[in-house]
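Each chain, letter by letter, is given below.
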Amino acid sequence: MEFKKAPVNRRVVQLNRWIEKGANFAIRSYDGVMGRLHLGGRRAAYDDLAYEFVGGAKDKLRAKHYDKSLRLLWKAEQHAPWSSFRDLTPAEKKVAEHALRELNPEEIELRERIAKPEFSEMLKQTYTPEQRAALVSILSTIGHGEAYAWLVSAELLGQLKSTGAKAAATMQVIEEAKHFVVLRELILAFDVSVPRLSAWEYLLLESALKAKGLEKFFGMNVLVEGVALSIFGLLSHLPGLEILRLFHLDESRHTALPINYFSEFDMTRWQKINPIAQLRRLRMIMPAIPMVFHLEEAAAELGIDIFEFTGSVLRKVLHLAQRAGYKMVLPPAVIASTINLLLNAYCLMTHPAHEFRDFTTAETTVGADQRAVEAEVFGLATG
Ligand SMILES: [Fe+2]
Ligand SMILES: [Fe+2]
């Protein structure tokens, strides 16, 4: 390549270089001292000398979360043709149209029925008004949770070390944004009023958002997303709710993030054993118990045993917490059996024919594919 060089004043160029070097030394030394004194200093945890974020590349984290998220990226226009989203690229649209031609007449009819604005009508024909209200009660619990997941993941993005972990968190921010806006349209399509947050869920979500530093991982990725994963696993086999399988897949990746992150950046001993943090974690779990009692009526309408569901969620959340290294004052087995006793006591008081059961052995995720997704995340073969 040939360029016609422009003339420069060599002496001025040299002078500018010296001035920059002096300024660089002064600015960085000042910020370095202020940083060490915890009085400010450089704001960005970015290492421009290494051309990486502080913490290094951590390509394994990037591959497990960022690359995988992009491989599994789904578009609402294709999977929820009844929605207002127009997010397919022209090439993806062509592929989708081609796939439509492969369908048999019955499948085309079903697809067209769903593609029309009558999706809402289809839901009305499939479910009674009571069932629709019950589904919206349960789905909106997660719908509101997605708003918080969006906020918490955006805050976590700034907290995580390394280029790989920031790439992973960025995908989570995008996915939570998509979950919130798409789930909102799905819920509104049921055409029943959407309940506000229950007091218990309000407490739970606010404490996840207010949690300091990497404790947010516990509140959101372990606890809230453990519940979300379980609700999607519970409902994604129902007619009109098939798109929840994609949510379920995304959430499984999010619940694995703290474990993958801590395998690269160990929690400090103090972070693990800090008794105040341990108590806070236990306190964060507590509102989840009355929260599920609050959903009992809605679940019953759909033939779901809320106590089995609670046991199933509890087992998964405690497993995730333990794998990530979060201690909670008491060993997980003691927490599980204490909550199981509480659930049985509540059942005895409210259902006279109740017989003692171990709810923590229940599995309420429906569908072979959905169970396989969870088996993968709980085995943590997330690569
Ligand atoms: Fe989500
Ligand atoms: Fe999530």
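Scroll up a little and you will see the structure.
A quick note: this is a predicted structure, and the numbers were derived from the prediction, not measured.

## A word on the overall build of the protein chain
On a plain count of helices and strands, the protein chain comes out with 18 helices and two strands. When the backbone C-alpha atoms are referred to their principal axes, the protein chain occupies close to 90 × 60 × 35 Å. In the protein chain, which comprises 383 residues, the proportion classed as buried is 35%. Sequence-distant contacts, at least 24 apart, represent 73% of the contacts inside the protein chain between residues at least 6 apart.

## Description of unusual backbone geometry
A negative phi holds for most residues other than glycine; trans holds for most peptide bonds. Here the phi dihedral of S162 falls at roughly 90°; this positive angle occurs in a residue that is not glycine. Its location among the elements puts S162 in the loop between α7 (129-159) and α8 (163-189). Within the chain, V329 stands out as a residue other than glycine whose phi angle is a positive 65°. Turning to its location among the elements, V329 is positioned in the loop between α16 (306-324) and α17 (332-350). For V329, a count of 14 C-beta atoms within 10 Å puts it in the partly exposed group.

## Some thoughts on the nonpolar core
A general tendency of soluble globular proteins is for nonpolar side chains to be buried together. Ranked by size, the top nonpolar core spans 82 residues in total, and within it I138, A208, V222, L223, V224 and A321 carry the most contacts. The element best represented in this core is helix α10 (residues 215-235), accounting for 13 residues. Setting aside anything within four residues of it in sequence, one finds I138 in contact with I231, L235, L295, A298 and A299.

## As for the environment of A256
Residue position: A256 is located in helix α11 (residues 244-264). Residue A256 is classed as buried on the basis of its C-beta count, with 25 C-beta atoms lying within 10 Å. Distance in space between the C-alpha atoms of A256 and N221 is 7.8 Å, their sequence separation being 35 residues.

## Some thoughts on the environment of K210
Note on placement: K210 falls in helix α9 (residues 199-210). As for K210 and I285, which are separated by 75 residues in sequence, their C-alpha atoms are 15 Å apart.

## Details of the packing of α7 against α10
Across the interface, α7 lies against α10 with an axial gap of 10 Å and an inter-helix angle of 145°. Taken as a pair, α7 and α10 cross one another with a handedness that is left-handed. Here I138, I142, G145, Y148, A149, V152, E155 and L156 of α7 come into contact with α10, specifically with K216, F217, M220, V224, E225, A228, I231 and L235. A breakdown of the residues in the contact of α7 with α10 according to their chemical character gives twelve nonpolar, one polar and three charged.

## A closer look at the environment of E296
For E296, the location among the structural elements is in helix α15 (residues 296-301). Of the residues examined, E296 has 17 C-beta atoms within 10 Å and is grouped as partly exposed. A sequence separation of ten residues divides E296 from I306, and the C-alpha atoms of the two residues are 5.6 Å apart.

## What about α10?
Here α10 contains 21 residues, and its C-alpha end-to-end distance of 29 Å stays within 8% of the 30 Å for a straight helix at 1.5 Å per residue. Along α10, the largest kink reaches about 35° and is centred on E225. A large share of α10 lies buried, amounting to 20 of its 21 residues.

## Details of the packing of α8 against α11
Between α8 and α11, the least distance of the axes is 11 Å, while the angle of their chain directions is 150°. Judged by the angle between their axes, α8 and α11 are roughly antiparallel. Crossing hand, α8 versus α11: left-handed. For the pair α8 and α11, the contacting residues are A165, A168, Q172, E175 and H179 in the first and F247, D250, H254, L257 and Y261 in the second. Considering only residue class, the contact of α8 with α11 consists of five nonpolar, three polar and two charged.

Cut-offs applied
Residues numbered from 1 in each chain as written. Chains lettered and ligands numbered in written order. Predicted model: local features only at pLDDT ≥ 70, side-chain atom pairs only at ≥ 80, totals over all residues. Helix = DSSP H or I, 4+ residues; strand = E, 2+ residues; numbered from the N terminus. Buried ≥ 20, exposed ≤ 12 C-beta atoms within 10 Å, placed from the backbone. Contact = placed C-beta atoms within 7 Å. Core = buried A, V, L, I, M, F, W, Y, C linked by C-beta atoms within 7 Å. Axes fitted to C-alpha atoms, helices over the stretch in contact; angles between N-to-C directions. Left-handed = near helix turned anticlockwise from the far one by under 90°. Nonpolar A, V, L, I, M, F, W, Y, C, P; charged D, E, K, R; others polar. Expected span 1.5 Å × (residues − 1). Bend = angle between axes of the 7 residues up to and from the residue. Parallel < 35°, antiparallel > 145°, perpendicular 65-115°, else oblique.

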